[in-house]
Protein chains: 2
Amino acid sequence: MRDVAIIGVGQTKVGEHWDISLRHLALEAIQAAMVGAGVTRTDALYVGNMLSGELAGQEHLGALVADFAGLRGVEAFKVEAACGSGAAALRMGYVAVAGGLADIVVVVGVEKMTDTLGPDTTAALAMAADGDYEAAQGVSFVAVNALLMRRYMHEYGYSHQDFAPFAVNAHRNGANNPHAMFRFPVTAERFARARMICDPINLLDSSPICDGAAAVVLAPADAARALSAAPIRIAASAVGTDTLAVHDRRDPLVLDGAILSTRRAYEQAGIGPQDINLFELHDAFGIMAALSLEAAGFADKGRGLRLAMEGEIRIEGRVPVTTMGGLKARGHPVGATGIYQVVEVAQQLRGLAGANQVPNARLGMAQNIGGSGATVVTHILERME
Amino acid sequence: MRDVAIIGVGQTKVGEHWDISLRHLALEAIQAAMVGAGVTRTDALYVGNMLSGELAGQEHLGALVADFAGLRGVEAFKVEAACGSGAAALRMGYVAVAGGLADIVVVVGVEKMTDTLGPDTTAALAMAADGDYEAAQGVSFVAVNALLMRRYMHEYGYSHQDFAPFAVNAHRNGANNPHAMFRFPVTAERFARARMICDPINLLDSSPICDGAAAVVLAPADAARALSAAPIRIAASAVGTDTLAVHDRRDPLVLDGAILSTRRAYEQAGIGPQDINLFELHDAFGIMAALSLEAAGFADKGRGLRLAMEGEIRIEGRVPVTTMGGLKARGHPVGATGIYQVVEVAQQLRGLAGANQVPNARLGMAQNIGGSGATVVTHILERME
């Protein structure tokens with residue numbers, strides 16, 4: 001096994017791109033990443049995507065995107081793990097390069113959720129949950145999270161308003177990110193007044209439906225220095241899974257998949273949570289952010305939200321999260337999100353995060369979650385000195 | 001890089017399983033493969049599937065199937081490459097074991113195409129083709145193949161009836177396969193009288209819509225002997241891609257993706273087509289079988305069909321194909337097909353193919369195709385002496 005590095009990154013602006021098709025979005029991100037890496041070829045292309053079949057009437061994105069990006073002939077597949085698809089595709093690319101089966105791999109996450117054919121996007125997203133035991137009962141994906149949030153408030157005595165800091169922090173950071181969908185700050189007062197979506201989840205506690213693509217180019221770390229001025233080492237790539245249906249878990253408020261995934265990542269990198277300088281977590285909803293902080297060892301059970309309330313999740317805090325806006329403000333084009341997270345961690349480690357720069361960032365963690373914690377893919381990135 | 005072996009195989013009967021859900025189908029195949037391999041754990045589970053979202057309203061099969069198969073917590077993803085999804089998942093498993101990132105990997109291909117929610121299955125299958133340039137014009141997937149078949153007949157002067165040997169051979173072999181959907185022989189006369197589906201493709205030239213699952217367990221070859229009485233070495237695992245849209249290719253009657261994929265596989269195994277004892281090709285339609293024989297080097301351009309007409313594709317011929325019934329008679333549960341092919345090659349190499357045994361089979365090739373040749377995944381298997 002050999003070390004793997006990211007030698008190029010690319011991303012489109014996240015938004016409602018009614019005038020840009022899925023393949024064009026993917027192309028834009030891939031081109032930016034390959035130009036950044038200074039490569040014109042690749043041994044493989046892995047595409048992270050969840051809903052192209054349901055929403056765009058298009059499966060088979062591997063070969064489609066490869067051809068459209070000028071890579072015709074290359075090994076190419078789509079990898080799917082619901083909203084964790086992006087990082088799942090990255091994991092596959094990591095495995096191929098680490099194991100020596102490929103030298104250069106391009107990984108792109110792409111999702112087009114607006115201007116769709118096919119069913120209602122909310123119905124499509126429910127396919128991340130257990131179809132027979134959750135979705136068939138009429139429970140949408142936001143409803144699963146609303147139930148978890150209500151339970152969290154009940155168990156630990158939090159109010160709805162206590163969740164505001166996640167949105168406030170994400171929007172503050174997103175305002176400075178040119179690729180973010182929402183580039184404006186929100187106040188706790190605005191959070192309090194936001195329209196209810198699925199009680200207790202309101203509009204400002206919910207990540208948006210949107211389009212976007214992000215890409216990275218991978219290479220062996222020992223070759224990366226010659227290829228890139230600022231390569232980023234992948235210090236860990238790890239996966240944990242859990243039941244899709246929340247009712248099958250030992251405790252609905254414990255993300256066992258995230259505990260497994262993070263523990264495996266820490267072991268691989270030889271570090272612990274205290275060494276992490278920033279954490280791009282999966283804030284599809286505030287409740288997921290709180291549970292993720294706990295599963296990753298940054299807070300005890302029931303105390304993840306407190307970390308946010310105490311301001312420790314801000315760029316100047318102990319565990320900066322969603323430093324470029326997160327799923328909430330940068331946006332959550334589901335199959336692309338995992339790659340956006342990694343691109344943003346790389347930006348931070350390269351010192352290119354502008355007004356949102358975490359000082360002296362050396363180790364960053366990105367955690368992409370499929371479903372309500374059923375697939376959890378964790379990557380730890382490290383600046384190469 | 002280390003050698004990889006198959007140490008266990010499993011398969012369900014292919015058919016219309018209205019009483020068995022997708023997760024149960026996958027479980028049955030996985031259990032059989034794991035019991036066969038004598039293992040109770042795995043480092044990863046990769047699921048090949050194309051249409052669970054569209055037809056069953058369920059994405060996120062990796063974690064779902066892992067949990068249902070008693071493997072909760074393990075790394076698990078779905079891999080998709082249209083009808084090539086099964087072998088694409090196997091390719092990912094091969095990469096993980098060959099590169100030393102996993103010791104035991106379970107790969108399952110599963111598809112449930114009958115008793116569905118969602119759209120018409122024919123509309124869903126069209127998602128393997130180019131949505132913007134083919135499907136949007138109303139061209140179904142069988143129509144793309146009908147156009148290719150008509151062109152092949154026109155260019156090389158074949159009649160419709162010349163395609164009969166593919167169906168006759170597949171059904172003769174399927175009759176002896178307890179896992180096949182169609183266990184009866186058909187004659188060339190019956191082929192001539194079969195109902196037209198999409199001129200010139202008739203019912204007996206078309207693989208069926210059906211349900212099924214097949215699985216394999218992978219391990220490093222040097223450990224395989226201790227784990228299995230009859231391990232099968234994966235001598236090559238290779239992928240080639242091409243445009244989804246047939247009109248974008250240099251010649252619609254040349255499968256460049258298959259040429260690339262097969263050439264890479266031969267190079268990896270250090271052999272040529274003359275060394276292959278049987279070839280499980282992707283006979284979704286007779287025309288695909290003819291073009292595959294040509295792309296894989298068994299016949300010159302325009303002569304693949306002649307190989308069938310001369311009887312050389314039969315078990316006693318020079319290039320036995322579809323030895324357990326192929327897509328035509330065993331059935332074509334799309335995302336599972338690539339694993340069925342590999343399971344059947346393993347059966348042949350182990351001498352367990354019964355009445356359909358290819359004498360002295362030592363090297364077998366399985367080739368799984370997504371779309372009309374856009375993704376081509378080739379595996380060459382070898383009996384370990």
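That block above? That's the structure.
In this text the structure is predicted, and so the values were computed from the model without any measurement.

Further remarks concern the overall build of chain A. Looking only at helices and strands, chain A has 14 helices and 11 strands in total. C-alpha extents for chain A along the principal axes are approximately 55 × 45 × 40 Å. Expressed as a percentage of the 385 residues in chain A, the buried residues total 69%. The contacts in chain A between residues at least 6 apart in sequence include a share of 77% that link residues at least 24 apart. Carbon together with sulfur atoms contributes 51% to the accessible area of chain A, which is approximately 11,800 Å² in total. Distance between charge centroids for chain A: 5 Å, based on 31 positive and 40 negative side chains.

Turning our attention to the side chain of Asn173 of chain B. Residue and element names in this part refer to chain B. Mapping Asn173 onto the fold places it in helix α7 (residues 164-174). On the accessibility criterion, Asn173 (2% relative accessible area) is buried. In this structure Asn173 touches Ile315, Val321, Thr322, Thr323, Met324, Gly325 and Asn356, once residues within four positions along its chain are discounted.

Attention shifts here to the side chain of Thr323 of chain B. Residues and elements named next belong to chain B. Along the chain, Thr323 turns up in the loop between α12 (304-309) and α13 (326-329). You can call Thr323 buried: its relative accessible area is 0%. Of note is the side chain of Thr323, whose polar atom sits 2.7 Å from the side chain of Glu280. Aside from chain neighbours lying at most four places away, what touches Thr323 is Asn173, Leu278, Glu280, Ile315, Gln348, Asn356 and Val358.

When chain B is fitted to chain A, the best match, at an RMSD of 0.0 Å, comes from turning it 180 degrees and sliding it 0.0 Å along the axis. In the structure described here, the two chain copies are related by an operation that fits a two-fold rotation axis. For chain B, the smallest separation between a C-alpha atom and the rotation axis is recorded for Gly99 of chain B, amounting to 1.7 Å. A share of 100% of the interface residues of chain B reappears at the interface of chain A, consistent with the copies meeting face to face through the same patch.

Here we take up the interface of chain B and chain A. Counting residues at the interface gives 55 residues for chain B and 55 residues for chain A. Taken together, both faces of the contact between chain B and chain A bury some 4,400 Å²; the carbon and sulfur share is 57%. When the buried area of chain B at its contact with chain A is split by residue, His60, Phe77 and Leu101 of chain B rank highest and sum to 17% of it. Our count for the contact surface shared by chain B and chain A stands at 6 salt bridges. Note that Arg23 of chain B and Asp132 of chain A form a salt bridge whose closest N and O atoms lie 3.4 Å from each other. Taken together, the elements giving at least two residues each to the side of chain B that touches chain A come down to α2 (52-56), α3 (61-68), β3 (75-80), α4 (85-98), β8 (232-241), α10 (256-269) and β11 (375-383) of chain B. The element best represented in the side of chain B that touches chain A is α4 of chain B, accounting for 7 residues. Here the residues of the side of chain B that touches chain A are counted per class, giving 28 nonpolar, 13 polar and 14 charged.

In this section: the packing of α4 of chain B against helix α14 (residues 334-349) of chain B. Residue and element names in this part refer to chain B. α14 packs onto α4 with a crossing angle of 65 degrees between their chain directions and a minimal axis gap of 5 Å. With respect to each other, α4 and α14 are oriented roughly perpendicular. In this structure, α4 uses Ser85, Gly86, Ala87 and Leu90 to contact α14, whose residues at the interface are Gly335, Gly338, Ile339 and Val342. In the contact of α4 with α14, the residues fall into 4 nonpolar, 4 polar and no charged.

Moving on to helix α14 (residues 334-349) of chain A. In this model, α14 of chain A (16 residues) spans 24 Å end to end at C-alpha, consistent with the 22 Å of a helix rising 1.5 Å per residue. Buried residues dominate α14 of chain A, accounting for 16 of its 16 residues.

Helix α11 (residues 286-295) of chain B sits mainly inside the fold: 10 of its 10 residues count as buried. Phi turns positive, to about 90 degrees, at Gly297 of chain B, one or two residues after α11 of chain B.

What follows covers the packing of aromatic side chains. Tallied over the full model, the rule gives 12 aromatic pairs over all chains. Taking the centre distance of 5.5 Å and the plane angle of 10 degrees together, the rings of Tyr152 of chain B and Tyr158 of chain B count as stacked. Grouping aromatic residues by their ring pairs yields a cluster made of Tyr152, Tyr156, Tyr158 and Phe163 of chain A. Above the face of the Phe68 of chain A ring, Arg23 of chain A is positioned so that its terminal group lies 5.9 Å from the ring centre.

The subject of this paragraph is the pairing of strand β8 (residues 232-241) of chain A. Residues and elements named next belong to chain A. For β8, the tally of buried residues reaches 10 of 10 residues, placing the bulk of the element in the interior. The pairing of β8 with strand β11 (residues 375-383) spans 9 bridges and is antiparallel. If you follow Thr241 over to β11, its bridge partner there is Thr375.

Scoring rules and cut-offs
Residues numbered from 1 in each chain as written. Chains lettered and ligands numbered in written order. Predicted model: local features only at pLDDT ≥ 70, side-chain atom pairs only at ≥ 80, totals over all residues. Heavy atoms only, no water. Helix = DSSP H or I, 4+ residues; strand = E, 2+ residues; numbered from the N terminus. Buried < 20%, exposed > 50% of the residue type's maximum accessible area, 1.4 Å probe, protein only. Contact = heavy atoms within 4.5 Å. Areas by Shrake-Rupley, 256 points an atom, 1.4 Å probe, with all protein chains shown as cover. Lys, Arg positive; Asp, Glu negative; His and termini not counted. Charge placed at Lys NZ, Arg CZ, Asp CG, Glu CD. Polar contact = N/O pair within 3.5 Å; in protein donor to acceptor, adjacent residues only side chain to side chain. Least-squares fit on C-alpha atoms with pLDDT ≥ 70 in both. Buried area = accessible area lost by both parts, 1.4 Å probe. Salt bridge = Lys/Arg side-chain N within 4 Å of Asp/Glu carboxyl O. Nonpolar A, V, L, I, M, F, W, Y, C, P; charged D, E, K, R; others polar. Axes fitted to C-alpha atoms, helices over the stretch in contact; angles between N-to-C directions. Parallel < 35°, antiparallel > 145°, perpendicular 65-115°, else oblique. Expected span 1.5 Å × (residues − 1). Phe/Tyr/Trp six-rings, centres within 6.5 Å; stacked < 30°, edge-to-face > 60°. Lys NZ or Arg CZ within 6 Å of the ring centre and 35° of its normal. Pairing = 2+ DSSP bridges.

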